[in-house]
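Chain by chain, the residues:
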Amino acid sequence: YDLLTILRSQPDWFPDREELRFLDRRSDGVIFLSSMAGEWQSSFEALRSEKIPAVVCYRRDLPEGIAWIDADNAQIMRLAIEYLKDKGHRKIAHLSLIHI
């Protein structure tokens, strides 16, 4: 069994074998850290069709049957503000960047 598989982009000349990395049954399940929409989509479809458990962190645009988890951003912000207030800070600003 594989405990951890680190994947990196393949060169352009390498044949597309994305799904084969996960279908050899060397792992009982797969956890993905993926924040880009569309990334690993064919792998998710292959895992689902082969009934191999998969969980994706930080994305919700997944095929039916692929589990996902995401951070509770509202609670994170509450804890951050509470921490700053406990340290005596009163003028707290929130900056957010939107990528288009």
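Further up the page is the structure itself.
The numbers attached to residues start from 1 for each chain and follow its sequence in the written order. Predicted model: local features are reported for residues with pLDDT of at least 70 only, side-chain atom pairs are reported and counted for 80 or more only, and whole-chain, interface and lining totals are derived from all residues. Working from all heavy atoms in the structure, the side-chain values ignore hydrogens and water.

Chemist: If you had to explain the side chain of serine 34 to someone new, which residues and values would you point to?
Modeler: Starting at the N terminus, helices and strands are each numbered in turn, a helix being any DSSP run of H or I of at least four residues and a strand any DSSP run of E of at least two. Mapped onto the elements of the fold, serine 34 is located in the loop between β1 (30-33) and α2 (41-49). Counted as a polar contact is a pair of N or O atoms within 3.5 Å, where, for protein atoms, one must be capable of donating a hydrogen and the other of accepting one, and residues adjacent in sequence contribute only when both atoms are in side chains. At 2.7 Å, the side chain of serine 34 and the side chain of glutamate 39 are in polar contact. At a separation of 3.0 Å, a polar atom in the side chain of serine 34 contacts the side chain of arginine 59. Non-local contacts of serine 34, meaning those with residues more than four positions away in its chain, are made with Glu39, Trp40, Val56, Cys57, Tyr58 and Arg59. By the convention used here, residues are in contact when the closest approach between their heavy atoms is within 4.5 Å.

Chemist: Kindly report on the packing of aromatic side chains, identifying the contributing residues and their values.
Modeler: Aromatic rings from Phe, Tyr and Trp, taking only the six-membered ring of Trp, are treated as a pair when their centres fall within 6.5 Å; an angle between ring planes under 30 degrees marks them as stacked, one over 60 as edge-to-face, and anything in between as tilted. Taken as a whole and judged by the stated rule, the model has two aromatic pairs. Geometrically, the ring pair formed by phenylalanine 32 and tryptophan 40 is tilted, given 5.8 Å between the ring centres and 50 degrees between the ring planes. Residue phenylalanine 32 is classed as buried on the basis of its relative accessible area, which comes to 5%. Here's how the labels work: a residue is buried when its accessible area is under 20% of the maximum for its type, exposed when over 50%, partly exposed in between, all with a 1.4 Å probe on protein chains only. Exposure remark for tryptophan 40: the relative accessible area of 17% places this residue in the buried category. Here phenylalanine 32 and phenylalanine 44 contribute two aromatic rings whose centre-to-centre distance is 4.9 Å and whose plane-to-plane angle is 85 degrees, an arrangement assigned as edge-to-face. Separated by 12 residues along the polypeptide, phenylalanine 32 in strand β1 and phenylalanine 44 in helix α2 bring together distant segments of the chain. Each member of the pair, phenylalanine 32 together with phenylalanine 44, is buried.

Chemist: Tell me what's going on with a nonpolar patch on the surface, and back it up with residues and numbers.
Modeler: A patch consists of residues exposed above 30% relative accessible area that lack any salt bridge, with like charges linked at up to 9 Å and nonpolar side chains (Val, Leu, Ile, Met, Phe, Trp, Tyr) linked at up to 5 Å. Computed by Shrake-Rupley with a 1.4 Å probe, the accessible areas treat only the displayed protein chains as cover when residues are assessed. Throughout this description, the term salt bridge denotes a Lys or Arg side-chain nitrogen within 4 Å of a carboxyl oxygen of Asp or Glu. Residues Met77, Ile81, Tyr83, Leu84 and Ile92 make up a contiguous nonpolar surface patch of about 420 Å² in total accessible area. Tracing the backbone through its elements, the reader meets leucine 84 in helix α3 (residues 73-86). Note on leucine 84: relative accessible area 30%, which makes it partly exposed.

Chemist: Go over the sheet that holds β1, please, and point to the residues and values.
Modeler: Two pairing modes exist for strands in a sheet, parallel and antiparallel, and in both the strands are linked by backbone hydrogen bonds. Ordered in space as β1-β2-β3, the three strands form an open sheet in which the pairing is parallel. The sheet is open, and its two borders are formed by β1 and β3 (67-69), each paired with just one other strand. Within the sheet, the average angular offset between the axes of one strand and its neighbour, ignoring direction, is 20 degrees. Bridge count between strand β2 (residues 54-57) and β3: three bridges; the pairing is parallel. Pairing between strands requires that DSSP locate at least two bridges from one strand to the other. Fitted lines through C-alpha atoms give the axes, limited to the stretch in contact for helices. The angle between two N-to-C directions lies from 0 to 180 degrees.

Chemist: So what's going on with the environment of histidine 94? Residues and values would help.
Modeler: One can find histidine 94 in the segment after α3. By relative accessible area, which is 56% here, histidine 94 ends up exposed. With 13 residues separating them in the primary sequence, histidine 94 and isoleucine 81 have C-alpha atoms 9.9 Å apart.

Chemist: Give a detailed account of the pattern of salt bridges, specifying residues and quantitative values.
Modeler: Under the definition given, this model contains three salt bridges. Here arginine 48 makes a salt bridge to glutamate 45, at a shortest N to O gap of 2.7 Å. Separated by three residues within a single helix, arginine 48 and glutamate 45 lie in helix α2, roughly one turn from each other. For arginine 48, a relative accessible area of 36% puts it in the partly exposed group. Judged by relative accessible area, which is 33%, glutamate 45 ranks as partly exposed.

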